[in-house]
Amino acid sequence: MGSTLASFMFVWAIIRQYCPYEVRRYFEKYTHRFMGFFYPYIKISIHEFTGSRLKRSEAYAAVEAYLSVNSSKSAKRLKAEMGRDSNNLVLSMDEHERVTDEFQGAKIWWLSSKVVSPARSMSYYPEQEKRYYRLTFHKQYREMITGAYLEHVLSEGKEIKARNRQRKLYTNSPGYKWPSYKQTMWSHIVFEHPARFETMALEPEKKQEIIEDLVTFSKSKDFYARIGKAWKRGYLLYGPPGTGKSTMIAAMANLLNYDVYDLELTAVKDNTELRKLLIETTSKSIIVIEDIDCSLDLTGQRKKKSEKSSDDEKEKLDKGISRKEPKEESNNSSSKVTLSGLLNFIDGLWSACGGERLIVFTTNYIEKLDPALIRRGRMDKHIELSYCNFMAFKVLANNYLKVENHPMFDIIQRLMEETNMTPADVAENLMPKSLSDDVDKCLSSLIQALQETKEEAEKKKAEESKEDDELIKENVAADPKDNNKETEKEIL
Ligand SMILES: Nc1ncnc2c1ncn2[C@@H]1O[C@H](COP(=O)(O)OP(=O)(O)OP(=O)(O)O)[C@@H](O)[C@H]1O
Ligand SMILES: [Mg+2]
C-alpha cells in the first residue's frame, strides 16, 4: 500500500510538471466529479471578507467567536486577546488549526486557514491574505448541518461575542496612508471612561428624560423598521464649556454599552473619506463630533456666498459654487469636507447601513450652526447643558463629599440662584485638596468661590452700565438738538 501510494505521488508530480495546464485542469475537473460519487463529505467555507471587501463578514466573526469556546479545549495552537474589562484573555483558534465539534450526534470538523495571493508587481498593495473557516461533515447530515447547526453556530457566536466584547473608543487615524484592505480607517483603544448618569450633575427630571429617550431608542428596532426609518438618532449637546457635554457622551456609551467613534473632522480629507469612515463604523455605537462649530467652517459657506455676490468678478465664480463646492478649499487645503458632505453623512442613504447608531454633536454656540445641520431628523434631540443649579450641586456634593444635607447648603442655594458657575468649577471647588480637608472646608471654599464669581459679575455689570452711560452722554453732547428723552431711550 505504502509503495503504491509513493509511486502514485511520484507519477502525479511528473504529470504536474510536464503536462500542459489545460490538460491538467481538464483532468482535475473530471477527477473531482468522479471522486464526488465516492467522497462522502461536504465542505462549506466561510470567508472573512466577501464582496468588495468593504466590511468584514459577520458570519466569519460569529464563527470565530463560536469556535473560541470549543477550540480553547481542544486546539493546540491558540491566539489570545484581551477580553472584557481587561481582566481575562479570550482564546481563539490559530491559523491552520483543526477542531472537532459535535451536534445532535453528527461530527463536524472545523479548519481555520488562509490563502495568500502574491503581491502584484507595479502595485502598492502588499500580498493579500484571505482567511477563511471551512467545516467538513458527512453528507448524511446535510439538512441538519446547513439548517439547524449553522443557525446554532451563528446565534451562539453572536452571544459569545457580545459577552466578551470590550467596548472601544475609535478615532480616525491621521497616519492612514495606503488603502490596503487590512488597514481600517479607524484606530482604537479600549473605552474605559467611568462617567455614569447617576454621577452627573443635572436636574433629576431632565436626566430621567434623557435616560428614557436613550433606552427607548435602543429597544426600538421593530418600531424603526415599521415606520420605515433608519435606526439612528441624533443628539445635539450644547452649552458653555465645562457643563458636562463630553461627560454625558461617555455616560451614554456606558448606559447603552455602545462603542464610541470620536470623529475628528479636520483630519478627514474629503467627503468620500467621510463616507468610508461611516461605512466602517459598526452598529451599537455613538459617532461623536465634538465642537462642531470649530471643526470646520461649515457654517460660513452660505453666508460668505451672499457677501461675495456684490463683487462682480467674484459673482461669476460664485455662480459655480453650490453647497457642494467647499469654501474651505481656498483656506484649508487639508480638509475638503463640505456641509453637504456632512449632511449626507448624518442623514443620507449611506447613514442607514449598520443601524443602531447615535450621532452626537457638541457645541458651545448653537446659534453658529447651520439650521439644516441641526434640524429634527438630523439632530432629533437638542439637550442644553447649562450652569450648575442647586439640584445639580446636591448630586455633586453627594459624589464628592458623600453629604446629602448640611447647614451651609442654604447659603450655597442662595448664591447659586444669584450667580452662574459651571459644574466643572463647582466640582473643582468640592474636591479635597489635601488629606486633612473635610466637608466643612470644601463647602466653605465653594462658598468663597461663589462669592468671588458673584462680585466679579457685579463689577463687570457696573462697568458695562458705566460704559453705556458714557456712550449716552457722548451722543447727547454730539447732537444737542436732540437732547431729549427719546434719544436717550433709543440709545439705551
Ligand atoms: N454635569 C456634570 N456632572 C458631573 N461632572 C461634571 C458635569 N459637568 C462637568 N463636570 C466635570 O467637569 C469636567 C469637564 O466637563 P466636560 O469635559 O464634560 O465639559 P464639556 O461641556 O465637554 O466642556 P467643553 O465644551 O469645554 O468641551 C469633567 O471632568 C467633569 O468631571
Ligand atoms: Mg467637551
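Residues numbered from 1 in each chain as written. Chains lettered and ligands numbered in written order. Predicted model: local features only at pLDDT ≥ 70, side-chain atom pairs only at ≥ 80, totals over all residues. Heavy atoms only, no water.

## Considering the overall build of the chain
And then number 1: Check the secondary structure of the chain and you find 19 helices and 13 strands.
And then number 2: Looking at the chain residue by residue over its 492 residues, the buried ones come to 37%.
And then number 3: Counted over contacts in the chain with a minimum sequence separation of 6, partners at least 24 positions apart contribute 67%. (Helix = DSSP H or I, 4+ residues; strand = E, 2+ residues; numbered from the N terminus. Buried < 20%, exposed > 50% of the residue type's maximum accessible area, 1.4 Å probe, protein only. Contact = heavy atoms within 4.5 Å.)

## Looking at a negative patch on the surface
And then number 1: On the surface, Glu-463, Glu-464, Glu-467, Asp-468, Asp-469, Glu-470 and Glu-474 cluster together into a negatively charged patch.
And then number 2: A relative accessible area of 55% places Glu-474 in the exposed class. (Patch = residues over 30% accessible without salt bridge, like charges linked within 9 Å, V, L, I, M, F, W, Y side chains within 5 Å. Areas by Shrake-Rupley, 256 points an atom, 1.4 Å probe, with all protein chains shown as cover. Salt bridge = Lys/Arg side-chain N within 4 Å of Asp/Glu carboxyl O. Lys, Arg positive; Asp, Glu negative; His and termini not counted. Charge placed at Lys NZ, Arg CZ, Asp CG, Glu CD.)

## Some words on the pattern of salt bridges
And then number 1: Summed over the entire model, instances satisfying the criterion amount to 13 salt bridges.
And then number 2: Ionic pairing is found between Glu-209 and Lys-381, a salt bridge with its closest N-O pair at 2.6 Å. Of the two residues, Glu-209 is situated in helix 5 (residues 204-218) and Lys-381 in strand 13 (residues 381-384); the sequence distance between them amounts to 172 residues.
And then number 3: Here Glu-209 falls in the partly exposed class, since its relative accessible area comes to 44%.
And then number 4: The partner of Lys-441 in a salt bridge is Asp-437, with the nearest N and O atoms 3.2 Å apart.
And then number 5: Taking relative accessible area as the criterion, Lys-441 reaches 47% and is therefore assigned partly exposed.
And then number 6: In this structure Asp-437 comes out as buried when scored by relative accessible area, which is 16%.
And then number 7: Several salt bridges converge on common partners, so that one network encompasses Lys-232, Asp-347 and Arg-375.

## Quick word on the site of ligand 1
And then number 1: In the vicinity of ligand 1, 14 residues are found, and the nearest of them are Ala-201, Gly-242, Lys-245, Ser-246 and Thr-247.
And then number 2: Within the backbone of Gly-244, a nitrogen or oxygen atom sits 3.1 Å from an oxygen atom of ligand 1.
And then number 3: If ligand 1 stood free it would expose 620 Å²; the protein chains cover 72% of that surface.
And then number 4: Put simply, the parts of the chain that give the shell around ligand 1 at least two residues each are helix 7 (245-256) and helix 17 (423-430).
And then number 5: Per-element tally for the shell around ligand 1: the top contributor is helix 7, with three residues. (Near = heavy atom within 4 Å. Polar contact = N/O pair within 3.5 Å; in protein donor to acceptor, adjacent residues only side chain to side chain.)

## Topic: unusual backbone geometry
And then number 1: Despite not being glycine, Gln-104 shows a phi value in the positive range, around 45°.
And then number 2: Mapped onto the elements, Gln-104 comes out in the loop between strand 4 (98-103) and strand 5 (106-117).
And then number 3: On the basis of relative accessibility, which here comes to 60%, the residue Gln-104 falls in the exposed class.
And then number 4: Of note in this structure, Asp-291 is not a glycine but carries a positive phi near 45°.
And then number 5: With respect to the helices, strands and loops of the structure, Asp-291 is situated in the loop between strand 11 (285-289) and helix 9 (292-295).

## With respect to the sheet that holds strand 7 (residues 168-172)
Strands belonging to one sheet form pairs held by backbone hydrogen bonds; the direction of such a pair is parallel or antiparallel.
And then number 1: Judged by pairing direction, the sheet is mixed, and its seven strands sit side by side in the order 8-7-10-11-12-9-13 without closing on themselves. Single-partner strands in this sheet number two, and they are strand 8 (186-190) and strand 13. Ignoring strand direction, the axes of neighbouring strands in this sheet form an average angle of 20°.
And then number 2: Pairing of strand 9 (residues 232-238) with strand 12 (residues 357-363) involves seven bridges; the strand directions are parallel. Directly across from Leu-236, in strand 12, lies its bridge partner Phe-361. (Pairing = 2+ DSSP bridges. Axes fitted to C-alpha atoms, helices over the stretch in contact; angles between N-to-C directions.)

## Describing the domain arrangement of the chain
And then number 1: With domains assigned, the chain is organised as domain 1 (18-118 + 126-165), domain 2 (170-205 + 233-321 + 334-384) and domain 3 (390-486).
And then number 2: With nine residues of domain 2 in contact, the opposing surface of domain 3 contributes eight residues.
And then number 3: Between domain 2 and domain 3 the total buried area reaches about 640 Å² when both faces are included, carbon and sulfur atoms providing 70% of it.
And then number 4: The largest share of the area that domain 2 buries against domain 3 comes from Thr-199, Ala-201 and Gly-242, three residues that together contribute 54% of it. (Domains from an automatic or database assignment. Buried area = accessible area lost by both parts, 1.4 Å probe.)

## Looking at helix 15 (residues 390-401)
And then number 1: Given a rise of 1.5 Å per residue, twelve residues ought to cover 16 Å, and the 15 Å separating the end C-alpha atoms of helix 15 matches this to within 8%.
And then number 2: Every buried residue belonging to helix 15 is among Phe-390, Ala-392, Phe-393, Val-395, Leu-396, Ala-397 and Leu-401, and all of these are buried.
And then number 3: Within two residues after helix 15, Lys-402 carries a phi angle of roughly 60°, on the positive side. (Expected span 1.5 Å × (residues − 1).)

## Some thoughts on the environment of Ser-57
And then number 1: Here Ser-57 is to be found in the loop between strand 1 (41-47) and helix 3 (58-74).
And then number 2: Judged by relative accessible area, which is 12%, Ser-57 ranks as buried.
And then number 3: In this structure the C-alpha to C-alpha distance between Ser-57 and Phe-217, which are 160 residues apart in sequence, comes to 26 Å.
And then number 4: For Ser-57, the residues in contact, after removing those within four places along its chain, are His-47, Glu-48 and Thr-50.

## Structural notes on the packing of aromatic side chains
And then number 1: As enumerated under the stated definition, the model contains 15 aromatic pairs in all.
And then number 2: Ring geometry for Tyr-170 against Tyr-261: centres 4.2 Å apart, planes inclined by 10°, an arrangement best described as stacked. On the criterion of sequence distance, the pair formed by Tyr-170 in strand 7 and Tyr-261 in strand 10 (residues 259-262) is long-range, its members being 91 residues apart.
And then number 3: By relative accessible area, Tyr-170 is classed as buried at 12%.
And then number 4: Judged by its relative accessible area of 1%, Tyr-261 is buried.
And then number 5: Ring plane angle 75° and centroid distance 5.1 Å describe the contact between Phe-393 and Phe-409, whose orientation is recorded as edge-to-face. In this pair, Phe-393 sits in helix 15 while Phe-409 sits in helix 16 (residues 409-418), placing the two residues 16 residues apart along the sequence. (Phe/Tyr/Trp six-rings, centres within 6.5 Å; stacked < 30°, edge-to-face > 60°.)

## Looking at the packing of helix 15 against helix 16
And then number 1: Viewed as axis vectors pointing N to C, helix 15 and helix 16 meet at an angle of 135°, and their least axial separation amounts to 10 Å. Taken together, the axes of helix 15 and helix 16 lie oblique to each other. When you trace helix 15 past helix 16, the crossing you get is right-handed. Together, Phe-390, Phe-393, Lys-394 and Ala-397 of helix 15 and Phe-409, Ile-412, Gln-413 and Met-416 of helix 16 make up the contact between the two elements.
And then number 2: Residues that form the contact of helix 15 with helix 16 fall into these classes: six nonpolar, one polar and one charged. (Parallel < 35°, antiparallel > 145°, perpendicular 65-115°, else oblique. Left-handed = near helix turned anticlockwise from the far one by under 90°. Nonpolar A, V, L, I, M, F, W, Y, C, P; charged D, E, K, R; others polar.)

## Here we look at helix 16
And then number 1: Those residues of helix 16 that fall on the buried side of the exposure criterion are Phe-409, Ile-412, Leu-415 and Met-416. Along the axis of helix 16, the buried residues cluster in a sector spanning 125°; they form a single face. Exposed side of helix 16, more than 90 degrees from the buried face: Asp-410 and Glu-417 are the residues found there. (Arc of directions from axis to C-beta.)

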